[in-house]
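Single-letter residue listing:
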Amino acid sequence: MIRSDLSRRHLVFGLAVTGVFGLAACSRKSEASQQTGGLSGDGGAAPPIMTVYRDPNCPCCEEWVKIAEREGFTVRMVEDPDMPARKKALGVPAQLASCHTAQLAGLVFEGHVPIAHIKQLMADGGPFIGLAVPGMPRGSPGMEMPDGAKDPFDVIGFDRSGRTAVFARG
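Residues numbered from 1 in each chain as written. Predicted model: local features only at pLDDT ≥ 70, side-chain atom pairs only at ≥ 80, totals over all residues. Heavy atoms only, no water.

Moving on, we get to the packing of aromatic side chains. A complete count under the given rule lists 1 aromatic pair for this structure. Relative to F167, the ring of F128 lies with its centre 6.1 Å away and its plane at 75°, an arrangement referred to as edge-to-face. Here F128, found in the loop between α4 (115-124) and β5 (130-133), pairs with F167, found in strand β7 (residues 164-169); they are 39 residues apart in sequence, far enough to count as distant. Since its relative accessible area comes to 22%, F167 is described here as partly exposed. (Phe/Tyr/Trp six-rings, centres within 6.5 Å; stacked < 30°, edge-to-face > 60°. Helix = DSSP H or I, 4+ residues; strand = E, 2+ residues; numbered from the N terminus. Buried < 20%, exposed > 50% of the residue type's maximum accessible area, 1.4 Å probe, protein only.)

Bringing the pattern of salt bridges into the picture now. Within this structure, the stated rule accounts for 9 salt bridges. With its nearest N and O atoms 3.2 Å apart, the salt bridge here joins K66 to E63. Of the two residues, K66 and E63 are both situated in helix α2 (residues 60-70); the distance of 3 residues between them amounts to about one turn of the helix. Residue class for K66 comes out partly exposed when judged on its relative accessible area of 41%. With its nearest N and O atoms 2.8 Å apart, the salt bridge here joins R138 to D151. Placement of the pair is R138 in the loop between β5 and β6 (154-158) and D151 in the loop between β5 and β6, with a sequence separation of 13 residues. For D151, a relative accessible area of 27% translates into the label partly exposed. (Salt bridge = Lys/Arg side-chain N within 4 Å of Asp/Glu carboxyl O.)

In this structure, M50, W64, F73, L104, F109 and I118 are the most contacted members of the largest nonpolar core, which totals 25 residues. Secondary structure elements with two or more residues in this core: β1 (49-54), α2, β3 (100-104), β4 (107-111), α4, β5 and β7. When neighbours within four sequence positions are excluded, I118 is seen to be in contact with M50, W64, F73, L104, F109, V113 and L131. Counting residues in hydrophobic clusters, the runner-up holds 11 residues, among them V78, M83, L90 and A132. (Core = buried A, V, L, I, M, F, W, Y, C linked by side-chain atoms within 4.5 Å. Contact = heavy atoms within 4.5 Å.)

See the structure below:
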């Protein structure tokens, strides 16, 4: 009973967010598809530069950046000693915080978001201004464990108002 009630709430939230943000999502979808250029394999323009802000004391961010670069992104890393202020300025809800924050094509990606989900949001648009993987779950991109251990995690979408919904499961 609780599960179906939660599912209904997620559906209602999704419909409400889509209705409210539908026009913005449509315009962002065309903007993102123009900006992804070479990532889509269409031989178009070079992909946009991903800017990754990170705490200077965090080594796992470098591992995530290596994955992004292998997937075709050009990445510029910026060390930022005041990451909470950066996250707030970019609209990342505090409860979704992780160790690094990326900006790409007008979107924000918080933490160890799988690259496939970044590409999906860029291609499909939707009501979200960003995606987040809160914390630093073992087994998420850049947090791989030598023994293969993984923690289940959710990729959370968030909008300009700070509303959130599960975008995918990791």
